[in-house]
Amino acid sequence: MGKRCLYAACALLLWGTRAYAAQTFDLRTATVIVSPSIRAADRVRSLHVLTAEVKRRTGFSWDTSGKSSVQPLLILSAAEDKQVQGHALPAVVGASDWDRPEGFRIVHVREGARDIVWLIGQDTRGMLYAIGRFLSLLEWGVGKARLRAGISIATAPSYSLRGHQVGYRNTANSWDAWTPAQMERYILDLVLTGSNAIENIPFTNVDDSPLFRITPDSMNRVMSRACHAYDIDYWVWTPCKADLSDTALFQGEVRKHADFYAATPYLDNVFVPGGDPGDNHPRHVMPFLQAIAQVLHKHHPSAGVWVSLQGFSDEQVNYFFDYLQREGQPNWLRGVVSGPGSPPLSTTRYRLHPKYKHRHYADITHNVRCELPVIGWDQAFALTLGREASNPRPVFQAAVHARWAGFTDGFLSYSDGVHDDVNKFVWTRRAWDPQAPVDEMMNDYARYHFGAEAAAEVAEGILVLERNWAGPVEENGGIGLTLRHWTTLERRLPARSGDWRWQLLVMRARYDAWQKGRKAYEQGLERTAMAVLDAASVIGVDSALKQALAKVQEAVTRPYDTLLRAQIVQDCERLNTSIGLQTSVSRYQASSYERGAILDQLDHPLNNRWWLEDEFKKIAALNDDKARLAAIRRITEWEKPGDGSLYDDISNSSASPRVKSIVEDATDFLWENGRSRRRLSTQTYQNFPVLEYTDLDPRAQYILRIAGYGDALLRVDGRRIEPILYGKGMEEFKEFLIDPRYYSDGEMRVTFDVPEESHLNWRQHSKVSDVWLLRVGR
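Note that the structure is predicted; figures quoted are calculated from it, not measured.

Draft legend 1. Seen up close, the nonpolar core. Grouped together as the largest cluster of nonpolar side chains are 148 residues, with contacts concentrated most on Phe134 and Met442. In terms of residue count, the dominant contributor to this core is helix 16 (residues 500–534) (10 residues). In contact with phenylalanine 134, other than residues within four places in its own chain, are Leu27, Leu50, Val54, Trp62, Leu74, Ile106, Val117, Leu119 and Leu147. Counting 23 residues, the second largest nonpolar core, distinct from the first, contains Tyr693, Leu704, Ile706 and Ala712.

In structure tokens, the structure reads:
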């Protein structure tokens, strides 16, 4: 009986604890007091940020008179306080390491019948981070403000550098259209979600963008003062394209920096990329950095100079580290930045003296032809969404951070617009807490920006948007469900329709679904056209060409789902109005088709319509019917080479079953200003693919045919094979007769050696786009 009573008491206690934790209390009316021990300027800032953000979300104006009334109380306190206006600081329960720089606590206690919420900052930044986390915990909406009872959080960041590049320049797909108020708003959101650094790109001419609301110099001062106001670091990215071996140019660059430093109110760090852009040898870069460090410290004594090794050869990397050692690890250099084109982060950290900081310049902004691409991306998305589209990739980004963060002191991301806003949140939160679960992070993102009402559903919506990009679209049944999920949320939360972050997510769901459906439709048209061409010898070449052309052109004359397309166009219009997003070169002045111009790419053919139009003109110009029929067979047999023969469209995830290699930098999508009329298969390639064949007939004779560009140094089972045909132009063929001994067991492995092309830009390197194994005998 005694045990039963004990179990019953424990169960009641446990239920009561859970019920209390699940309860919420009302904060529609609340009083806010600030500890007098907090510096006056910080008191004013913190009080303003908290009350303004609450009013912005709920419409409520909290009492800031400083008097402790009977209503719920919020106390902003310093970590060293013992009490504030007679209210004792709550004790820390359990183990905690929150007492590091930038740490904070959020604690709910009850004094009698009164609810008190403590926001306790370890320092100025810690208080702002406490306010930001409080806003994500608050269940808010117009006319609503409630908080879960029993909250007790004590936390501090794991990494000291957590920042993002926000460059006011033409190539960004949104920022150059912003007002100072929009820039300040964005910086505040980044701060309140945990960032402690912002990096501008200031060396921009006033006429570089037709969208500039104010001059780059003016925006530099706006950003500098905003960062100072929120006590975060202001960085600038200042590449040097001048030839620093020229003394006059060297001095001119130093003077440019000196003038800029003098005109900038507050500046904490200057980052000069060693390359990308720029191609100076470190023997010139390092003296230049020393020279600008001297003028920097005249105006900003505590500021630091950073350099990256981007684009450096092995000899130049070695020179850099030898220089530091030879010069006694000079103090004028603060740290090294590792970004796209840099040596591995692990190698740099190993070789770098411990006194120097190491920053990850992670590319979170690009989807293709970049450092961190979407692996196995469907060509339909690569052609239309392209390099800079709305790209929430929380699971992938969290994994990348986990892989490399341990070699750094933190990160300051490479970003070129607002389209990567979710990725910014993930990197910031993971740098704060490397163990933060992805679903929890997305829930916090949703609660902070959209409120708690449907936070779990919004978080799930973000996660399924990432899954939309997994594998071939025709095999991804979730894309349609993702659209249904977001349209349901749209109807449920109409008040969110004016929020640009919401617009980005909904637009992506529509865009993905439309491209999936359009790909199926347009490729179906092409299959019908191929059937018509197969009958050319019966119905006549001219009739076949005319009918086949009309069929593929139905993509234009009878387009797919015009209603969904119109909604996407409207989404882009709204995004341009709300946040200046430039989804079109002609309509919204995007800087180029590759810079987020997804509206211009909306109708890019997802079949070979443009290529067929050009090929049909060539065939029509031939005088010999035999030659015309042969040219038609070349088209119809391209992907269907006949019984016993095999075809692979390299790097097309839905048409390359024998390709085993993956291009991790996603340079495997051809870019010709978004208007390439080549075959779709020609526009996907690898430089050195690996293919594995099985179930080959040991009695048959095979020829390996390759289309692509440049050289193809072929090996079969490790042995070099010489060609019998060697066309090096785009869509010209190379052919290799394969000795049956290589596939006597029915299997064969094909690889390619790397040709010497170090003198060429990567865009001119040899490519393999299509591979056929043609059965030609027995």
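Having seen it, we continue.
Draft legend 2. Here's a closer look at the pattern of salt bridges. In the structure shown here, the tally under the stated rule is 54 salt bridges. The closest approach of N and O atoms between aspartate 42 and arginine 45, which form a salt bridge, is 2.5 Å. Remark: arginine 45 and aspartate 42 occur in helix 2 (residues 40–58); sequence separation between them is 3 residues, near one turn of the helix. The burial state of aspartate 42 is the same as that of arginine 45; both residues are buried. As a salt-bridge pair, aspartate 614 and arginine 677 come within 3.0 Å of each other at their nearest N and O atoms. Residue aspartate 614 is located in helix 22 (residues 609–620), and its partner arginine 677 is located in the loop between strand 19 (646–649) and strand 20 (691–693); the two are separated by 63 residues in the primary sequence. A single network of salt bridges, built from pairs that share partners, joins Glu53, Arg56, Arg57, Arg185, Asp189, Asp421 and Arg501.

Draft legend 3. Representation of the confidence of the model for the protein in the model. Here the protein averages 93 in pLDDT, and 96% of its residues register 70 or above. Residue range residues 1–21 is modelled with pLDDT below 50. Its contacts to residues more than four positions away, or to other chains, number 6 contacts.

Draft legend 4. Representation of helix 5 (residues 216–229). The first and last C-alpha atoms of helix 5 sit 20 Å apart over 14 residues, in line with the 20 Å expected at 1.5 Å per residue. The elements touched by buried residues of helix 5 are helix 4 (180–192), strand 12 (197–200), strand 13 (233–237) and helix 6 (247–263). Positive phi shows up at aspartate 231, right after helix 5, with a value of about 60 degrees.

Draft legend 5. Region of the structure containing the sheet that holds strand 9 (residues 144–148). Strand order in this open sheet of 3 strands is 1-9-8, and the pairing throughout is antiparallel. Each edge of the open sheet is held by one strand with a lone partner, namely strand 1 (24–26) and strand 8 (139–141). When the angles between neighbouring strand axes are averaged without regard to direction, this sheet yields 20 degrees. The pairing of strand 1 with strand 9 spans 3 bridges and is classified as antiparallel. Across the sheet, the residue bridging to aspartate 26 is arginine 146, located in strand 9.

Draft legend 6. Spotlight on the packing of aromatic side chains. Summed over all chains, the structure comprises 32 aromatic pairs. With centroids separated by 5.2 Å and ring planes inclined at 70 degrees, the aromatic side chains of tryptophan 638 and tryptophan 772 adopt a geometry described as edge-to-face. Within this pair, whereas tryptophan 638 is found in the loop between helix 23 (625–636) and strand 19, its partner tryptophan 772 is found in strand 27 (residues 767–777), the two being separated by 134 residues in sequence. With respect to burial, tryptophan 638 and tryptophan 772 carry one shared label: buried. Among the aromatic residues, those joined into a cluster by ring pairs are Phe425, Tyr445, Phe450, Trp486 and Trp502. Geometry around tyrosine 319 places arginine 283 over its ring, the cationic atom sitting 5.9 Å from the centre. Note that arginine 359 overlies the ring of tryptophan 235, its terminal NZ or CZ placed 4.9 Å from the centroid.

Draft legend 7. Broad picture of the side chain of aspartate 42. The buried category is assigned to aspartate 42, whose relative accessible area is 6%. In this structure the side chain of aspartate 42 is engaged in a polar contact, spanning 2.5 Å, whose partner is the side chain of arginine 45. A polar contact is formed between the side chain of aspartate 42 and the side chain of threonine 124, at a distance of 2.7 Å.

Draft legend 8. Quick look at unusual backbone geometry. Following aspartate 276, the chain continues into proline 277 via a peptide bond in cis, with omega recorded as 0 degrees. Relative to the helices and strands, proline 277 is located in the loop between strand 14 (269–273) and helix 7 (282–299). A positive phi angle, near 60 degrees, is found at glutamine 589, a position not held by glycine. Residue position: glutamine 589 is located in the loop between helix 21 (585–588) and helix 22. Given the relative accessible area of 33%, glutamine 589 is considered partly exposed. Look at asparagine 673: it is not a glycine, yet its phi comes out positive at around 60 degrees. Structurally, asparagine 673 is set in the loop between strand 19 and strand 20. We classify asparagine 673 as partly exposed; its relative accessible area is 44%.

Draft legend 9. Molecular detail of helix 11 (residues 394–404). Taken together, the buried positions of helix 11 are occupied by Pro394, Gln397, Ala398, Val400 and His401. In a view along the axis of helix 11, the buried residues occupy a sector of 160 degrees, so they form one face of it. Exposed residues on helix 11 whose side chains face more than 90 degrees from its buried face are Ala402 and Arg403. Close packing links the buried residues of helix 11 with helix 12 (421–432), helix 13 (438–450) and helix 14 (455–467).

Draft legend 10. Structural context of the side chain of aspartate 363. If you trace the backbone, aspartate 363 turns up in the loop between strand 17 (357–360) and helix 10 (379–384). Buried charged residue aspartate 363 carries no salt bridge. Nearest counter-charge: arginine 387, at 5.2 Å. A distance of 3.0 Å separates the side chain of aspartate 363 from the side chain of histidine 366, its partner in a polar contact. Apart from residues lying up to four places away in sequence, aspartate 363 is in contact with Pro340, Cys370, Glu371, Leu372 and Tyr414.

Draft legend 11. Representation of the packing of helix 7 against helix 8 (residues 314–326) in the model. The interhelical angle for the contact between helix 7 and helix 8, taken along N-to-C directions, is 40 degrees, at an axis separation of 9 Å. With respect to helix 8, the axis of helix 7 lies oblique. Relative to helix 8, helix 7 is oriented so that their crossing is right-handed. On helix 8, the residues touching Pro282, Arg283, Met286, Pro287 and Gln290 of helix 7 are Glu315, Gln316, Tyr319, Phe320, Tyr323 and Leu324. Taken together, the residues that form the contact of helix 7 with helix 8 break down as 7 nonpolar, 2 polar and 2 charged.

Draft legend 12. Fine view of the pairing of strand 25 (residues 733–738). Taken across its 6 residues, strand 25 has 5 buried, putting it largely inside the fold. Two elements, strand 21 (residues 701–709) and strand 25, share 6 bridges in a ladder whose sense is antiparallel. Note that in strand 25 the partner of tyrosine 702 across the bridge is isoleucine 738. One ladder, built from 2 bridges, connects strand 24 (residues 725–726) with strand 25; its direction is antiparallel. Among the inter-strand pairings, leucine 725 is bridged to a residue of strand 25, identified as glutamate 735.

Draft legend 13. Examining the pairing of strand 3 (residues 73–78) more closely. Counting buried positions along strand 3 yields 6 of 6 residues, so the element is predominantly enclosed. Alternating positions in strand 3 separate into two faces, Leu73, Ile75 and Ser77 on one and Leu74, Leu76 and Ala78 on the other, with burial throughout. Across 4 bridges, the pairing between strand 2 (residues 31–34) and strand 3 is parallel. Note on strand 3: the bridge partner recorded for valine 32 is leucine 74.

Calculation notes
Residues numbered from 1 in each chain as written. Predicted model: local features only at pLDDT ≥ 70, side-chain atom pairs only at ≥ 80, totals over all residues. Heavy atoms only, no water. Core = buried A, V, L, I, M, F, W, Y, C linked by side-chain atoms within 4.5 Å. Buried < 20%, exposed > 50% of the residue type's maximum accessible area, 1.4 Å probe, protein only. Helix = DSSP H or I, 4+ residues; strand = E, 2+ residues; numbered from the N terminus. Contact = heavy atoms within 4.5 Å. Salt bridge = Lys/Arg side-chain N within 4 Å of Asp/Glu carboxyl O. pLDDT = per-residue confidence, 0-100. Expected span 1.5 Å × (residues − 1). Pairing = 2+ DSSP bridges. Axes fitted to C-alpha atoms, helices over the stretch in contact; angles between N-to-C directions. Phe/Tyr/Trp six-rings, centres within 6.5 Å; stacked < 30°, edge-to-face > 60°. Lys NZ or Arg CZ within 6 Å of the ring centre and 35° of its normal. Polar contact = N/O pair within 3.5 Å; in protein donor to acceptor, adjacent residues only side chain to side chain. Arc of directions from axis to C-beta. Lys, Arg positive; Asp, Glu negative; His and termini not counted. Parallel < 35°, antiparallel > 145°, perpendicular 65-115°, else oblique. Left-handed = near helix turned anticlockwise from the far one by under 90°. Nonpolar A, V, L, I, M, F, W, Y, C, P; charged D, E, K, R; others polar.

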